[in-house]
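Now for the letters of each chain:
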Amino acid sequence: MWHSSEGEFTAEGKQCSRPGCCSWDASVIEAILLVGGQGTRLRPLTATTPKPMLPVAGQPITVHQIRRARAAGVGRVVLGTSYRADVFTRALGDGADLGIDVAYAHETTPLGTGGAIRNAAEELNCGPNDPVVVFNGDIINGLDIAALVDGHVSSGSAVTLHLTTVEDPRRYGLVPTDETGRVLTFLEKPETEAEIVTNQINAGCYVFRRSVIDRIALGRPVSVERETFPGLLRDGDLVRGVVDDSYWLDLGTPWDYVQGSVDLVTGRAPGAQIPSGAQIRGGQSLVLDGANVSPEATLSGGTTIDRGCVVAADAIVDGCVVMTNVHIGQGARLFRSAVGAGAKIEAGAVITEAVVGDGARIGRDAVIGAGARIGVGAVVPDGITVTANRG
C-alpha cells in the first residue's frame, strides 16, 4: 500500500477503508524484546547470567532472536530489562555489531508482560499506527516474522498473536479462534478434559499497533493475557491469532534449554548462525574457537563446547551445553546436561540430565543423576552419587 493526499490505497488502486492499517513507514520496523525475567526455573545457571543471555549453539539466546528479527526487517529493538541489566548492555551495546539499533528500557520493579511492554514503548520512535513486534526473551521458533507483520497490517488488527498447537495443552492458557483467525476469548490453563476447547496456545510473539500499547497503564504490573487482550475483546477491537506450527520451544527449564541448543546445532531449529572460528565436528557438535578437544574424545548429539574448554581423551559428551572454560577430565561421560562456566568435571565422572553451576567441581568417578542441580561453586567429592527428582 501507499499514501497520497487523498488517502491510503491498496496495490490494486482501491482506497483502504481500515483505519490505521496502512499508515506506517515500512522502512524501519521496531520491536520490543522482553528479557527481564529472573529465570528461577533455570537456576543455578541463571544465578550469574540472565536467562536470555545463556548460550545456545554458542551464542546468547538474545543474539539469536535479534538476528532473526533483523532478517525479518526489524531495524530497531528495545530490550525490556530488569534482572542483571548490565549483562545485556555490556554484551550488546548499541547493537552496531549485530547490524541493528539496540535501545534499553529498565524495570526497577516487576511489571508483568503488559507493564513491561508499556515501559519499553517509552523508547520507541514509531508513530501510533505503526506495527511493533514483541518477543518473549526465552523462546526459539521458526515463525515467519515478516509474514506475521504483513498480515497484521493488512488486516487492520489491534494485535496479532502467534499461536502454536501442542499435544497436551493443560500446561498452557488456551486461545480459541474462529475460522477467520479472530480470537474469541482467552482461557486459563484447563483443569478438566471438558475445558480443553482447543489445543492452540499463545506462542509468545505479538504484533501490536503502537497506539494499542499506549493504552496499557504505565508504571504498574499488567498482564496482557488476563487484562490487555481480554479488554481489547470487550471493546470490540480485532485481535487475530495466526497458527504457525513451525519449530517452537519455550526454554523455561534446564532440560528444554539444553534441547533448544541441541536443536539449533543439529538444524532441527532454524536460524542458527555459527560463531566466527567455530567448527562443526562430525556434523553433530559445535566446538568454538579456543576450545581444546582431544581427538580421542567423543562429541555427539548436538553438543556445544564453548571457548576455553578442555575435553580430555576418552571423554564422552552427548547432547550437552558446555559453557566457557570448563575442564572435562579423561573418561568423564556427560549426557543431555548443562555445565556452567569454569566448572571442573574430574576423570571418570558421569553426569546425566543434570545441571552443574558455574565454578562447581564434580569429583573423580562421581555420579550426578537425572534432575540434579549442582550449585555455583559447589564441590561434589570423589566417588559420591547425587540423585534428584527431575523438575
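Shown above is the structure to which this text applies.
Scoring rules and cut-offs
Residues numbered from 1 in each chain as written. Predicted model: local features only at pLDDT ≥ 70, side-chain atom pairs only at ≥ 80, totals over all residues. Heavy atoms only, no water. Helix = DSSP H or I, 4+ residues; strand = E, 2+ residues; numbered from the N terminus. Rg over C-alpha atoms; globule rule 2.2 N^0.38 Å. Contact = heavy atoms within 4.5 Å. Areas by Shrake-Rupley, 256 points an atom, 1.4 Å probe, with all protein chains shown as cover. Buried < 20%, exposed > 50% of the residue type's maximum accessible area, 1.4 Å probe, protein only. Pairing = 2+ DSSP bridges. Phe/Tyr/Trp six-rings, centres within 6.5 Å; stacked < 30°, edge-to-face > 60°. Salt bridge = Lys/Arg side-chain N within 4 Å of Asp/Glu carboxyl O.

Chemist: How should the overall build of the chain be read in this particular structure?
Modeler: Each helix and strand counted, the chain has 7 helices and 32 strands in total. Taken against the 2.2 N^0.38 rule, which gives 21 Å for 391 residues, the C-alpha radius of gyration of the chain at 23 Å falls within 12% of a compact globule. Each principal axis of the C-alpha distribution contributes one length, and for the chain these read about 75 × 50 × 40 Å. Restricting the contact set of the chain to residue pairs at least 6 apart, pairs at least 24 apart contribute 50%. Of the roughly 16,300 Å² that the chain leaves accessible, carbon and sulfur atoms contribute 47%.

Chemist: For this particular structure, what's the right way to read unusual backbone geometry?
Modeler: It is generally the case that most residues other than glycine have a negative phi and that most peptide bonds are trans. Between Arg43 and the following residue, Pro44, the backbone shows a cis peptide bond with an omega angle of 15 degrees. Tracing the chain through its elements places Pro44 in the loop between strand S3 (29-34) and strand S4 (55-56). Phi angles above zero are rare outside glycine, and Ala57 is one such case at about 50 degrees. Tracing the sequence through the fold places Ala57 in the loop between S4 and strand S5 (59-60). Classification of Ala57 by relative accessible area gives buried; the value is 4%. Although it is not a glycine, Arg84 sits at a positive phi angle of roughly 50 degrees. With respect to the helices, strands and loops of the structure, Arg84 is situated in the loop between strand S6 (74-81) and helix H2 (85-92). Looking at Arg84, the relative accessible area reads 30%, which means it is partly exposed.

Chemist: So what exactly am I meant to see when it comes to the sheet that holds strand S31 (residues 379-380) here?
Modeler: The strands making up a sheet associate through hydrogen bonds between their backbones, and the pairing can be parallel or antiparallel. Across the sheet, 6 strands lie side by side as S16-S19-S22-S25-S28-S31; this open sheet has parallel pairing. This sheet does not close on itself; its edge strands, each paired only once, are strand S16 (292-293) and S31. As defined by bridge partners, S16 adjoins strand S19 (residues 310-311) across 2 bridges and the pair is classed as parallel. Bridge pairing links Val293 to Val311 in S19.

Chemist: Would you mind showing me how to read the pairing of S3 here?
Modeler: Moving residue by residue along a regular strand, the side chains alternate between the two faces of the sheet. When you tally the buried positions in S3, you get 6 out of 6 residues, the bulk of the element. Going residue by residue along S3, you find Ile29, Ala31 and Leu33 tucked away on one face and Glu30, Ile32 and Leu34 tucked away on the opposite face as well. One ladder, built from 6 bridges, connects S3 with S6; its direction is parallel. Note that in S6 the partner of Ile29 across the bridge is Val74.

Chemist: Help me understand the packing of aromatic side chains in this model?
Modeler: Describing an aromatic ring pair means giving the distance of the ring centres and the angle of the ring planes. Under the defined criterion, the tally for this structure stands at 5 aromatic pairs. Considering the side-chain rings of Tyr172 and Trp248, the 6.3 Å spacing of their centres and the 65 degrees angle between planes classify their relative orientation as edge-to-face. With Tyr172 in the loop between strand S10 (159-165) and strand S11 (200-209) and Trp248 in strand S13 (residues 248-250), this pair connects stretches of sequence that are 76 residues apart. Accessibility expressed as a relative area gives 16% for Trp248, which makes it buried. Measuring from ring centre to ring centre gives 5.4 Å for Tyr206 and Phe229, while their planes differ by 65 degrees; the resulting arrangement is edge-to-face. Note that Tyr206 is positioned in strand S11 and Phe229 in helix H6 (residues 224-234), a separation of 23 residues in sequence. Just as Tyr206 is buried, Phe229 falls in that class too.

Chemist: Whenever I open this one, H6 confuses me. Can you help?
Modeler: Residues three or four positions apart in an α-helix share a direction because the helix packs 3.6 residues into each turn. If you check which residues of H6 are buried, you get Val224, Thr228, Phe229, Pro230, Gly231 and Leu232. Next to the buried residues of H6 lie helix H3 (112-120), S10, S11, helix H5 (210-214) and strand S12 (239-243). Looking at the residues trailing H6, positive phi occurs at Gly236, about 85 degrees.

Chemist: Can you help me understand the environment of Val175 in this one?
Modeler: Here Val175 shows up in the loop between S10 and S11. Among the residues examined, Val175 registers a relative accessible area of 2% and is labelled buried. Each C-alpha atom, one on Val175 and one on Glu225, is 9.8 Å from the other, the two residues being 50 residues apart in sequence. Aside from chain neighbours lying at most four places away, what touches Val175 is Leu163, Val183, Thr185, Phe186, Thr198, Gln200, Ile201 and Asn202.

Chemist: When you look at the pattern of salt bridges in this model, what are you seeing that I'm missing?
Modeler: When the charged atoms of two side chains lie near each other, side chains of opposite charge can form a pair. Taken as a whole, this structure holds 19 salt bridges when the rule is applied. Across the pair Asp235 and Arg215 runs a salt bridge whose closest N-O atoms are separated by 3.8 Å. Taken together, the residues span a long stretch of sequence, with Asp235 in the loop between H6 and S12 and Arg215 in the loop between H5 and H6 at a distance of 20 residues. Here Arg336 makes a salt bridge to Glu353, at a shortest N to O gap of 2.9 Å. You can see Arg336 sitting in the loop between strand S23 (333-335) and strand S24 (338-339) and its partner Glu353 sitting in the loop between strand S26 (350-352) and strand S27 (355-356), a full 17 residues away along the chain. Judged by relative accessible area, Arg336 falls into the partly exposed class, the value being 37%. Glu353 sits in the buried class, given a relative accessible area of 19%. Linked through salt bridges whose partners overlap, the residues forming this network are Lys344, Glu346, Arg361 and Asp382.

Everything listed is a geometric property; what it means functionally is a separate question.
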